[in-house]
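# Overview (structure and organization)
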Amino acid sequence: MKLKNMGYVKVIILTLTIIGSIFVNSSLLTDSQILPKWFCFVIGVAFWALIMGFQLLQGSTYVPRKSITIIVRVIALSVVIQAIYAIVCYHSWWSQDVVFKIGSFENPAGFASCLCMGLPFVAFAIRSRKLWMRFLALISFLLVLLAIYVSKSRAGYVSCVAMFTFFLLFIYNKVSRRARVVLCVGCFSAVVGIVIAFCSMSGSKHNSMNGRKLIWTVGMEMVKDKPLNGHGLGSIERCYMNYQAGYLKHSSKQSEIMLADNVKHVFNDYLAIAIQFGLVGILLLVGYVGILAYCFIRKSRHDSLAQAALLSMMGVGSFAFFSYPSCYPFTWVMIILNSWFIISPCIPRRMHISVSLQRTMGMGMVILSVVSLVQIGIRLKAELTWKKLYDRRLVFGDKQTLSEYQSVYPVLKYEPYFLYNYAVELNMDGQYAKSQQVAKECERYWADYDLKMVMAYNYKEQKLIVKAIQYFLDAETMCPNRFEPIYNVMQIYRSLHDSRQALKYAKMIVNKPIKVYSSDVANMKEEASHIIVDSKKHKM
């Protein structure tokens, strides 16, 4: 392949990676929303690195002249299409009963963060010299803002304010500094008013904010325990719920107990970095931000593309204070591209690199890319097989699928969701000892209420009563507003004819406030009430 053609292939790969990380969903995978986007991202990066490696081996890194313009337009167009798609799906803007359809994302966090990161590149087109292009860009800009507004993402509102404020204070210089400050204060006040209005209209928003305060409080307890180097990668899924259980055990606030739930994200990416990597991770992040600031001030300050990139980074950076944009692949696509747009002007255009070093780098990239693509293919095949097994078991109740689970186990044995699902399937099939073995493997990566309950049921069916009670109570301390754990403990003591302990837990069930009403909860409370009434009759 000619060097020139390789350059165009890189642009095409990058274009497809951007589109895939925003739009691709697939019902062929157990996670139909996020996982397909991640597969698009890693496959795109691997193929891009493969082509780059071939270019280095041939002694060139040719990039087409218009490649940057193409990429910027792809980002802007993808974001606008995502916004239009979401708005079209939003049937009733003012009904509180209608759930907002969040484009191609499963959560407003992913949707709003995508639009916020792409918004500066839509605005970038407003500077076009062509009148029709400026008009079209302005309409697109307003559509993206409208989509962020109707998403009801408070982190999205904060992100927009941060970008607009930064633009007025440090980039836009056509009005006086005093006027810019007044505009910033006015914009900030307007958005604060919108957020307060949403919180007052919907009790769920108020509960959501209080829930996040609880999560941040528990997260800070984790940071206090290991402030220097953190708990390690994946420690939020592995350790957070245990910390929450310990915190709630000594909490006297009923509001915190009622809001407690399974937690997979701490709703603050900086806190997540501190939990997992401690002060070292925070300092590395500060150093990275410092490099971007240095490059922008030194070389890129008056470059409109670098300005858009910096505003995009400001958007995702402010969004990360209240959510988890780092869980979405498009965030990483934009971080990489924005970093390149800001840093590249500081890199000398003519850098002398020896031929031997170039070839070594090229060979390394080719080998690494090929190995990565093979591993991705193996993982994708295992994920597709797992989805087929899951559907067969769910729809047809096919018990033969359990033996086939073992075929994908070697590939997915480090995937906690697979291990949890496998443990549940084994439990339902009556293979309690094997289910417990798989659940313990899952516990190394993932500790939460649902896993504790599966393990408790396994111990219960194996007649290991003491351990069963311990795990039921562990689950109850993680989510104290749930009824099922203490109901099972009550049932165990009834089967042991320990009326005193059964009565103790029956009273706990009756006195426990209901977070979400259901017929199951009503039946548990009714059964507990009968136990209390019966105990009073026996006393008489």
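Scope of this entry: the structure provided in the associated data block. Small disclaimer: the values here were computed from a predicted structure and weren't measured.

## With respect to the pattern of salt bridges
- In the structure shown here, the tally under the stated rule is 10 salt bridges.
- With its nearest N and O atoms 2.9 Å apart, the salt bridge here joins glutamate 383 to arginine 379. Of this pair, glutamate 383 and arginine 379 both sit in helix 14 (residues 355-396), four residues apart, which is roughly one turn of that helix.
- What makes glutamate 383 buried here is its relative accessible area of 2%.
- Measuring nitrogen to oxygen at the nearest pair gives 3.1 Å for the salt bridge that ties arginine 392 to glutamate 404. Within this pair, whereas arginine 392 is found in helix 14, its partner glutamate 404 is found in helix 15 (residues 401-412), the two being separated by 12 residues in sequence.
- Overall, glutamate 404 belongs to the partly exposed group, its relative accessible area being 30%.

## Thoughts on the environment of arginine 494
- Note that arginine 494 resides in helix 20 (residues 484-495).
- Judged by relative accessible area, arginine 494 falls into the partly exposed class, the value being 38%.
- In sequence terms arginine 494 and isoleucine 531 are 37 residues apart; their C-alpha atoms lie 9.5 Å from each other.
- In this structure, arginine 494 is in contact with Ala502, Glu527 and Ile531, ignoring residues within four places of it in sequence.

## Observations regarding the packing of aromatic side chains
- In the structure shown here, the tally under the stated rule is 20 aromatic pairs.
- With 5.6 Å between their ring centres and 85° between their planes, tryptophan 38 and phenylalanine 41 make a pair best called edge-to-face. A residue pair is termed a helical-turn pair when its members lie 3 or 4 positions apart in one helix, as tryptophan 38 and phenylalanine 41 do in helix 2 (residues 35-57) at three residues.
- Residue class for tryptophan 38 comes out partly exposed when judged on its relative accessible area of 25%.
- Ring centres of tyrosine 457 and phenylalanine 472 lie 5.3 Å apart, and the angle between their planes is 85°; on these two criteria the pair is classed as edge-to-face. Remark: phenylalanine 472 occurs in helix 19 (residues 465-478) and tyrosine 457 occurs in helix 18 (residues 449-461); sequence separation between them is 15 residues.
- By relative accessible area, tyrosine 457 is classed as partly exposed at 24%.
- These aromatic residues form a ring-pair network of at least three members: Trp386, Tyr405, Tyr409, Tyr417, Phe418, Tyr420, Tyr422 and Trp446.
- Of note, arginine 482 hangs over the ring of tyrosine 449, and the distance from its end group to the ring centre comes to 4.4 Å.

## Thoughts on unusual backbone geometry
- Despite not being glycine, lysine 463 shows a phi value in the positive range, around 65°.
- Checked against the element boundaries, lysine 463 lands in the loop between helix 18 and helix 19.
- A positive phi angle, close to 60°, is found at histidine 497, a residue other than glycine.
- By the secondary structure assignment, histidine 497 is in the loop between helix 20 and helix 21 (499-511).
- The class for histidine 497 is exposed, based on a relative accessible area of 73%.

## As for the packing of helix 18 against helix 19
- Packing of helix 18 against helix 19 brings their axes to within 8 Å, and their N-to-C directions diverge by 165°. In terms of their interaxial angle, helix 18 and helix 19 are classed as roughly antiparallel. Judged by the sense of rotation from one axis to the other, the crossing of helix 18 with helix 19 is left-handed. When helix 18 is examined against helix 19, the residues Tyr449, Lys452, Met453, Met455, Ala456, Tyr457, Tyr459 and Lys460 are found in contact with a partner set consisting of Lys467, Ala468, Tyr471, Phe472, Asp474, Ala475 and Met478.
- When grouped by side-chain class, the residues that make up the contact of helix 18 with helix 19 number 11 nonpolar, no polar and four charged.

Rules used throughout
Residues numbered from 1 in each chain as written. Predicted model: local features only at pLDDT ≥ 70, side-chain atom pairs only at ≥ 80, totals over all residues. Heavy atoms only, no water. Salt bridge = Lys/Arg side-chain N within 4 Å of Asp/Glu carboxyl O. Helix = DSSP H or I, 4+ residues; strand = E, 2+ residues; numbered from the N terminus. Buried < 20%, exposed > 50% of the residue type's maximum accessible area, 1.4 Å probe, protein only. Contact = heavy atoms within 4.5 Å. Phe/Tyr/Trp six-rings, centres within 6.5 Å; stacked < 30°, edge-to-face > 60°. Lys NZ or Arg CZ within 6 Å of the ring centre and 35° of its normal. Axes fitted to C-alpha atoms, helices over the stretch in contact; angles between N-to-C directions. Parallel < 35°, antiparallel > 145°, perpendicular 65-115°, else oblique. Left-handed = near helix turned anticlockwise from the far one by under 90°. Nonpolar A, V, L, I, M, F, W, Y, C, P; charged D, E, K, R; others polar.

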